[in-house]
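Residue-level listing of the chains:
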Amino acid sequence: MREKPELFGRMLVMIALPGTQGFYGFIAAILMMTQTGLIGGGPLKVSLGTGLALFFIGLGDGLAQFISAIYQGEASAAGISLLARRPEAAGKAVLFPAFVETYAVVALLATILFIVFPYPAGDA
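None of these values were measured; they are calculated from a predicted model. (Residues numbered from 1 in each chain as written. Predicted model: local features only at pLDDT ≥ 70, side-chain atom pairs only at ≥ 80, totals over all residues. Heavy atoms only, no water.)

A. Fine view of the pattern of salt bridges. This structure, assessed with the given rule, holds 1 salt bridge. A salt bridge links Arg86 to Glu88; its shortest N-O distance comes to 3.4 Å. Taking the relative accessible area as the measure of exposure, Arg86 reaches 40% and is therefore partly exposed. (Salt bridge = Lys/Arg side-chain N within 4 Å of Asp/Glu carboxyl O. Buried < 20%, exposed > 50% of the residue type's maximum accessible area, 1.4 Å probe, protein only.)

B. The nonpolar core, seen in detail. Among the nonpolar cores identified, the biggest contains 5 residues, and these are Leu7, Met11, Met14, Leu83 and Ala93. Those residues within four positions of Ala93 in sequence are excluded, and the remaining contacts are Met14, Gly79 and Leu82. (Core = buried A, V, L, I, M, F, W, Y, C linked by side-chain atoms within 4.5 Å. Contact = heavy atoms within 4.5 Å.)

C. The arrangement of the packing of aromatic side chains in detail. Counted under the stated rule, the structure contains 2 aromatic pairs. Ring centres 5.1 Å apart and planes at 80° place the aromatic pair Phe55 and Phe56 in the edge-to-face group. Residue Phe56 is classed as exposed on the basis of its relative accessible area of 52%. Geometrically, the ring pair formed by Phe96 and Phe99 is edge-to-face, given 6.5 Å between the ring centres and 75° between the ring planes. Linking Phe96 with Phe99, this pair stays in helix H4 (residues 90-116), spanning 3 residues, or about one helical turn. By relative accessible area, which is 48% here, Phe99 ends up partly exposed. (Phe/Tyr/Trp six-rings, centres within 6.5 Å; stacked < 30°, edge-to-face > 60°. Helix = DSSP H or I, 4+ residues; strand = E, 2+ residues; numbered from the N terminus.)

D. Looking closely at helix H3 (residues 48-85). The end-to-end C-alpha distance of H3 is 55 Å, a good match for the 56 Å that 38 residues give at a rise of 1.5 Å each. Along H3, the positions that sit buried rather than exposed are Leu54, Ile57, Asp61, Gln65, Ser68, Gln72, Ala75, Ser76, Gly79 and Leu83. Where the residues of H3 are buried, they touch helix H1 (8-16), helix H2 (20-36) and H4. (Expected span 1.5 Å × (residues − 1).)

E. Just the environment of Gln21, in detail. Tracing the chain through its elements places Gln21 in helix H2. C-alpha separation for the pair Gln21 and Asp61, spaced 40 residues apart in sequence, amounts to 9.9 Å. In contact with Gln21, not counting residues within four places along its chain, are Gln65, Ser68, Ala69, Gln72, Glu101 and Ala104.

F. Representation of H2. In this model, H2 (17 residues) spans 25 Å end to end at C-alpha, consistent with the 24 Å of a helix rising 1.5 Å per residue. Of the positions making up H2, those classed as buried are Thr20, Gln21, Tyr24, Ala28, Met32 and Thr36. With its buried residues spanning 155° around the axis, H2 presents them on a single face. Facing away from the buried surface of H2 by more than 90 degrees, the exposed residues are Gly22, Phe23 and Phe26. Residues of H2 that are buried in the fold lie against H1, H3 and H4. The first or second residue beyond H2 is Gly37, which carries a positive phi of 90°. (Arc of directions from axis to C-beta.)

G. Layout of the side chain of Glu101. As for its position among the elements, Glu101 is in helix H4. Note on Glu101: relative accessible area 9%, which makes it buried. A distance of 2.7 Å separates polar atoms of two side chains, one belonging to Glu101 and the other to Gln72. (Polar contact = N/O pair within 3.5 Å; in protein donor to acceptor, adjacent residues only side chain to side chain.)

Structure, rendered in structure tokens:
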């Protein structure tokens with residue numbers, strides 16, 4: 001961007017994309033806190049089973065978001081490099097980081113489903 005500052009607008013999306021996983025993790029954390037009563041002012045309502053389930057849901061989501069962010073950062077860096085050489089390829093350059101974003105979104109959706117619609121205890 002130092003050499004071609006006019007490309008800032010086109011590069012901004014690829015610069016910001018790897019940071020979205022942090023927001024997805026924040027959304028999952030807020031949902032977990034509302035499910036346990038940590039947010040809302042009421043008494044905490046967490047059994048051992050619920051606590052363990054939320055721990056592993058958060059761990060799985062965190063790993064998926066972390067790995068997705070790493071690969072999305074690499075894809076974004078490659079896209080920025082392409083854009084610096086060929087500014088007309090902006091659409092193609094953003095495509096690869098957007099594909100990696102799909103995995104982060106799927107992980108968030110799975111996390112939301114696990115938190116909001118928990119498996120009923122005793123219904124085996």
